[in-house]
Amino acid sequence: MKPQMFIESIEQIVTPVRASGMRKDRMREELAAHLVASWEEELERDGNEPAAAERAIRRLGDGVMLSSGLQESVPFLERWLFTPLPFLNCLDDLDFALRRKNSETPLRHAARIAIVMTAAIAALEMIAVPVASVIQARRCSDQPTAALFAAASLMFTAAGGILFTLLFEATIRALREASWLQMRVVVCMALASLFVIGLGLGFVSIVSLGGHPQALFAWSDWPRLLACSLIAPPMLASAARDERSRQRAQCGWGMARALKVTRVQG
Amino acid sequence: MQRIERDALRGHLEAMVLASLDRGEGHGFELMRRLEALGSGALTLKEGTLYPVLYRLEEAGLVRGEWENDSQGRRGPRRRIYRLTAKGRRELARRREDWSHFVAVVGRILGAPA
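Here the structure is a predicted model, which is why all the values come from computation and not from measurement.

The rules behind these values
- Residues numbered from 1 in each chain as written.
- Chains lettered and ligands numbered in written order.
- Predicted model: local features only at pLDDT ≥ 70, side-chain atom pairs only at ≥ 80, totals over all residues.
- Helix = DSSP H or I, 4+ residues; strand = E, 2+ residues; numbered from the N terminus.
- Buried ≥ 20, exposed ≤ 12 C-beta atoms within 10 Å, placed from the backbone.
- Contact = placed C-beta atoms within 7 Å.
- Core = buried A, V, L, I, M, F, W, Y, C linked by C-beta atoms within 7 Å.
- Nonpolar A, V, L, I, M, F, W, Y, C, P; charged D, E, K, R; others polar.
- Arc of directions from axis to C-beta.

## Focus: the overall build of chain A
Next up, step 1: Secondary structure assignment for chain A yields 12 helices and zero strands.
Next up, step 2: Listed by position from the N terminus, the elements making up chain A come as α-α-α-α-α-α-α-α-α-α-α-α.
Next up, step 3: When the 266 residues of chain A are sorted by exposure, 29% land in the buried category.
Next up, step 4: Pairs at least 24 residues apart make up 72% of the contacts formed inside chain A by residues separated by at least 6 positions.

Here you go:
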């Protein structure tokens, strides 16, 4: 039996719930495990797979009531934080566009991401560089020109985009086989974080050209910048977790295998 | 046998789940079976209603849930195993006391013909 019927029922129940992705994934996987167990029990009655699936779904209860029950179990603050806002749909669309497509190889995906990132940075620099150049000219600074930094940052972004995407992909692959504390996962995460930090600092360098007459940053700026950059590892870890969770959901949390095994054993 | 439907259970389901977990840890499906067995077939629950209750209890720190280990060789979605916490045990004791008091008082009233 194909798990699509179960996945659709689960989505009907969980999608309307206003909660974090992590909480909703947990709801989805628990309901999936429950439906598989109910289906196995129902199948023993008459051996009719589609009928057993229908009965298993019916046993779960009314979808709307379940959604509202699940919603009530979400803390108020989280409910409020995850209330859908119209403009946030754009972020979902962007996320969807940047995801690796099923037919795409990791290298091709990395190249696509690098092109998008470079184009985005180039667009930002088209605004930042003229401003920085004007400030520089006014201060008669002898620092390298903003245009030179801009060109260097574009090359760094292009190379970094490819390497970062491949490292992120490697982190997710490693996560599939190991826990967060395994050396492979930690190394991939650390390297990917370094690229993100490097890209961030590089861009900050460009936009702050002309900020100080003798240096790009005063020494006192660096601890602050590095402290800000510490946000990169947890953000990447969260993104990797979300991606892994999305991949698990995409294959129905292994429901297809479970349903197949039951049929073979039956 | 007269069946007890969901509406009649409103307000008691949390205590019943705590009581069911008092008999040992278990995942959602297992707890549902346990409740049905304890209700001797008189309980009619829509199975999905158990999960919001479990989430509320977990949020309140009365139960603790952990994903079962992937390496247990089971195929398919992981199950979340719930167990009672110390706070949950205390809450269950309090609810049992409340229930005994309720049954004693209401029982006296309903049981006494005019």
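## Structural notes on the nonpolar core
Next up, step 1: Formed by 44 residues in total, the largest nonpolar core has its most connected members in Ala32, Leu35 and Val36 of chain A together with Val17 and Leu54 of chain B.
Next up, step 2: Here this core takes nine residues from helix α2 (residues 21–46) of chain A, the largest share from any one element.
Next up, step 3: Other than its neighbours up to four places away in sequence, alanine 32 of chain A contacts Phe6, Ile10, Gly252, Trp253 and Met255 of chain A together with Pro77 of chain B.
Next up, step 4: Grouped together as the second largest cluster of nonpolar side chains are 12 residues, Phe164, Phe168, Ala174 and Val185 of chain A included.

## What about the interface of chain B and chain A?
Next up, step 1: Taken residue by residue, the interface counts 17 residues in chain B and 25 residues in chain A.
Next up, step 2: At the level of elements, α3 (28–38) and α4 (50–59) of chain B are the ones that each hand at least two residues to the side of chain B that touches chain A.
Next up, step 3: For the side of chain B that touches chain A, the element with the most residues is α4 of chain B, which contributes five residues.
Next up, step 4: Looking at the side of chain B that touches chain A, its residues break down into five nonpolar, four polar and eight charged.

## Looking at α3 of chain B
Residues and elements named next belong to chain B.
Next up, step 1: Among all positions in α3, only Gly28, Phe29, Leu31 and Met32 are buried. Viewed along the axis of α3, the buried residues span an arc of 160°, placing them on a single side of the element.
Next up, step 2: Downstream of α3 by a residue or two, serine 40 has a phi angle that is positive, lying close to 50°.

All quantities given are derived from atomic positions and should not be read as evidence of function.
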